[in-house]
Amino acid sequence: MTTRPSSPTRDWILHVDLDQFIAAVEILRHPELRGKPVVVGGSGDPTQPRTVAATATYEAREHGIHSGMPLRTALKRCPEAIFLPSDPPAYEAASERVMAVLREFPVRVEVWGWDEAFIGATTDDPEALAADLQHGVRARTDLSCSVGIGDNKHQAKIASGFAKPAGIYRLTSDNWAEIMNARPTDALWGIGAKTSKKLAALGLHTVADLAAADPAALARAFGPTNGPWYRYLALGKGEAEVVTTPWIARGHSRETTFPHDLTDKTEITRHVTTLAEHVAHDAATAGREVIRVSVKVRFTPFLTRTRQSKLPAPTADPDTLARTAVAILDRFDLTRPVRLLGVAVDYTMPDT
């Protein structure tokens, strides 16, 4: 970490990003795996088709393994890798411990997922605060994190990527152009490979190119909202409000990708019924009621269709949700082999 003079007391946004979080939780449970290439995903069996990596340790990443990669491909790239099944309840519990530590500091915490949170703080030394956060998380959970510092969430999010692993990095309006201008447009948070390719087709290859682009031309190419927004990001701007109100899920879903394609209507119906019962249990556990049910079917090779129905009255009754899901399934043409089924529900939202 570079030592820098103290800044005037002011508001800062920090982004705390837990390092290789899922893999790190597994290594805490299996210390003998520390320093080895570990891949977490699915049932942990890399020979099963259509299962992908949820995460990989840095040692596995050195072999080109990354999240979203098919486990079979990961096995080919690193035959000596150790594969573990995914255990979401364990990761959720570990995440809650980390967020509880962050909330003990005199800061505002906005949770963005299992492994990241934005921090709003007023301080004259954000690096010192970042180091304190890192130390607190490490001491209480044995997990490490990287911390990005910015004037807004966009800057802080990018900065935490530069800080990995276990570092601290400041990216603000003062050094934005110096650090970002020469980078490709997909270095911006919110611009992916597809959008970056479209921008390149317009001659906009770098962040500096995008920052200097005509907003009207961007609006014509990407729409009146997205086009100017991309330029806004390239200028280093972004939201600076940290919202501490607990996030409330609008719905929940369950889906299954099958090792072998399904062709039997009875079997397909049975799986949809089971998925509907699972989301009903999730709703009841969360104390929520369902107002809409959706069914997703992915046919071979990769054609996906979704249908939905609104319920006559809110409910979490498993039989009602299962019957509704099966009725929706009847609206599909099931003459093609099925590789994935999913059931999703929308919840009633509490009054605000």
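That block above? That's the structure.
To start, this report covers the structure provided alongside it. Note that the coordinates shown come from a computational prediction; the quantities given were computed from them, not determined experimentally.

## What about the side chain of His15?
Then comes step 1: With respect to the helices and strands, His15 occurs in strand β1 (residues 10–18).
Then comes step 2: The exposure class assigned to His15 is buried, which follows from its relative accessible area of 0%.
Then comes step 3: Within the structure, the side chain of His15 is placed 2.8 Å from the side chain of Ser160, a separation counted as a polar contact.
Then comes step 4: Leave out the neighbours within four places in its chain, and His15 touches Glu116, Ala117, Phe118, Ser146, Val147, Gly148, Ala156, Lys157 and Ser160.

## Points about the environment of Ser67
Then comes step 1: Inspection of the secondary structure assignment puts Ser67 in the loop between α2 (58–61) and α3 (71–77).
Then comes step 2: As for Ser67 and Phe21, which are separated by 46 residues in sequence, their C-alpha atoms are 12 Å apart.
Then comes step 3: Each residue touching Ser67, except ones within four places of it in the same chain, is listed here: Ala53, Ala54 and Thr55.

## Here we look at the packing of helix α1 (residues 21–29) against helix α4 (residues 88–103)
Then comes step 1: Contact geometry of α1 with α4 gives a least axis separation of 10 Å together with a crossing angle of 95°. The orientation of α1 with respect to α4, classified from their angle, is roughly perpendicular. Note on element contacts: α4 touches α1 through Ala90, Tyr91, Ala94 and Ser95, opposite Phe21, Ile22, Val25, Glu26 and Arg29.
Then comes step 2: Looking at the contact of α1 with α4, its residues break down into six nonpolar, one polar and two charged.

## Describing the sheet that holds strand β12 (residues 338–347)
Then comes step 1: Reading across from one edge, β9-β12-β10-β11 is the order of the four strands in this open sheet, with antiparallel pairing throughout. Each edge of the open sheet is held by one strand with a lone partner, namely β9 (251–262) and β11 (303–315). Taking each pair of neighbouring strands and ignoring which way they run, the sheet shows an average axis angle of 15°.
Then comes step 2: Relative to β12, strand β10 (residues 290–299) runs antiparallel, the two sharing nine bridges. What sits directly across from Lys296, in β12, is Gly342.

## A few points about the pattern of salt bridges
Then comes step 1: Applying the stated criterion across every chain yields a total of 15 salt bridges.
Then comes step 2: Note that Asp19 is salt-bridged to Lys164, the shortest N-O span being 2.8 Å. With a gap of 145 residues between them, Asp19 in the loop between β1 and α1 and Lys164 in the loop between α6 (153–163) and β8 (168–170) connect regions that are remote in the sequence.
Then comes step 3: By relative accessible area, Lys164 is classed as partly exposed at 30%.
Then comes step 4: The residue Asp346 makes a salt bridge to Arg292 at a minimum N-O spacing of 3.0 Å. Of this pair, Asp346 sits in strand β12 while Arg292 is found in strand β10, placing the two residues 54 residues apart along the sequence.

Reading the values: rules and limits
Residues numbered from 1 in each chain as written. Predicted model: local features only at pLDDT ≥ 70, side-chain atom pairs only at ≥ 80, totals over all residues. Heavy atoms only, no water. Helix = DSSP H or I, 4+ residues; strand = E, 2+ residues; numbered from the N terminus. Buried < 20%, exposed > 50% of the residue type's maximum accessible area, 1.4 Å probe, protein only. Polar contact = N/O pair within 3.5 Å; in protein donor to acceptor, adjacent residues only side chain to side chain. Contact = heavy atoms within 4.5 Å. Axes fitted to C-alpha atoms, helices over the stretch in contact; angles between N-to-C directions. Parallel < 35°, antiparallel > 145°, perpendicular 65-115°, else oblique. Nonpolar A, V, L, I, M, F, W, Y, C, P; charged D, E, K, R; others polar. Pairing = 2+ DSSP bridges. Salt bridge = Lys/Arg side-chain N within 4 Å of Asp/Glu carboxyl O.

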